[in-house]
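Here is how the chains run, residue by residue.
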Amino acid sequence: HCAALSLFDLPHLALMARVAWSVSRTAAEGLGDAFCDVVEEIKDTSPSNGRRSSEISEPFVPAKYMGRALQQPSGVRLSEIAQRCAANLVGGAFADCFRCCRHVALSGDDVQAFANGGGSFGADTYGELMPEGFLDILWRVGARPGDRFYDLGAGTGKLAALAWLAGLRSTGVELSSARWDVAHQAVAELQELHTSGQIPRGGRSCQSGLPKRSKGGLDYIRGSMLEIDFTDADVLFVSSVMFTKAMVAKVAQIARWMKPGSRIISFHNFAELSSSVSFMEFEELGEVIEPTSWKDATCFQVVQVVKNPSAEEDRPQHLKLLSEFEAACHCGIAC
């Protein structure tokens, strides 16, 4: 039964065990003092004394893993206990927003940045893939702990954090400084949760059910998805619903250099963007239909990189590695 307890229950059980030990040890000296000392320690570590509750207030909806896996072997599949743990951690880091879609008003600089990029129909329009749908996608496309994951157009960054807790080496890329600031704050919250021992280590012996997290951790980059080198990705997610076809084509031009076997999930089909634009480096694996904040069933296309461009074609030279971004545009956690 202990595996179903909230994250706060385990330290409290240990403290209550100390109560019993203290009571037996000091029975001759008086019951009251031994009991009161440890009860005060419980008060100091309880959620009501300035520590955030580990339970999200939103209804919990688990991934059902009922579709057909598009890749064999299939990917990471979290138990309901592990999903609840991840929901509580992500919800705690993102101001109790796990399934709810938090709209963040763009700054004037954000609006100008999107206008300069010219890649979106409506920069202020914002929506999210539901977390249970995202977990189902990771399973269906064969994403495994240790895989390299990128979310291009990550918004406030919840999916990148969820991928990290599922064991992937995860990076979210977002152009909006207002949305990236939310991710930056979430990293600080996750670091606090880690420091206080509330983020499980993961692995087979961990009662949370979460996989062991990969070295490299979780990163967020504030910048254009067209300037970051994401070609080391095993799994790439691009929620391109509001992207222009020209913008998607620019992303696809870079994605052609991802290693063969890598998978790309996008609203637009990278393999065939139009009758005049297609890329031979991609092969269609199928489609997944998942809940989003704007629709109960949204279709995403899944393609696999099957080859790279010919040797005569130059690899893009302008792309930057994570380490090349300024500290003001890069935050993360590596626990």
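Residues numbered from 1 in each chain as written. Predicted model: local features only at pLDDT ≥ 70, side-chain atom pairs only at ≥ 80, totals over all residues. Heavy atoms only, no water.

Looking now at the packing of helix H3 (residues 80–93) against helix H6 (residues 158–165). Helix-helix packing is characterised by the crossing angle of the two axes and by the distance between the axes. For the pair H3 and H6, the least separation of the axes is 10 Å and the interaxial angle reads 140 degrees. If you check the angle between H3 and H6, you find them oblique. Seen along the crossing, H3 lies across H6 with a hand that is right-handed. For the pair H3 and H6, contact is made by Ala-86, Leu-89 and Val-90 and by Lys-158, Ala-161, Leu-162 and Leu-165, respectively. Considered class by class, the residues forming the contact of H3 with H6 number six nonpolar, no polar and one charged. (Axes fitted to C-alpha atoms, helices over the stretch in contact; angles between N-to-C directions. Helix = DSSP H or I, 4+ residues; strand = E, 2+ residues; numbered from the N terminus. Parallel < 35°, antiparallel > 145°, perpendicular 65-115°, else oblique. Left-handed = near helix turned anticlockwise from the far one by under 90°. Contact = heavy atoms within 4.5 Å. Nonpolar A, V, L, I, M, F, W, Y, C, P; charged D, E, K, R; others polar.)

Per the stated rule, a full pass over the model turns up nine salt bridges. Across the pair Glu-132 and Arg-99 runs a salt bridge whose closest N-O atoms are separated by 2.7 Å. Here Glu-132, found in helix H5 (residues 131–140), pairs with Arg-99, found in the loop between H3 and helix H4 (108–117); they are 33 residues apart in sequence, far enough to count as distant. For Glu-132, a relative accessible area of 10% gives the class buried. Residues Arg-148 and Asp-232 are paired through a salt bridge, measuring 3.4 Å at the closest nitrogen-oxygen approach. Taken as a pair, Arg-148 in strand S1 (residues 148–152) and Asp-232 in the loop between strand S3 (218–222) and strand S4 (235–238) lie far apart in primary sequence, 84 residues in all. (Salt bridge = Lys/Arg side-chain N within 4 Å of Asp/Glu carboxyl O. Buried < 20%, exposed > 50% of the residue type's maximum accessible area, 1.4 Å probe, protein only.)

What follows is about the sheet that holds strand S5 (residues 263–266). The mixed open sheet is built from eight strands, whose spatial order is S6-S7-S5-S4-S1-S2-S3-S8. In this open sheet, the two edge strands, each paired with only one partner strand, are strand S6 (282–290) and strand S8 (330–333). Between one strand and the next, the sheet's axes are offset by a mean angle of 15 degrees, whatever the strand orientation. Pairing geometry for S1 and S4, over four bridges, is parallel. (Pairing = 2+ DSSP bridges.)

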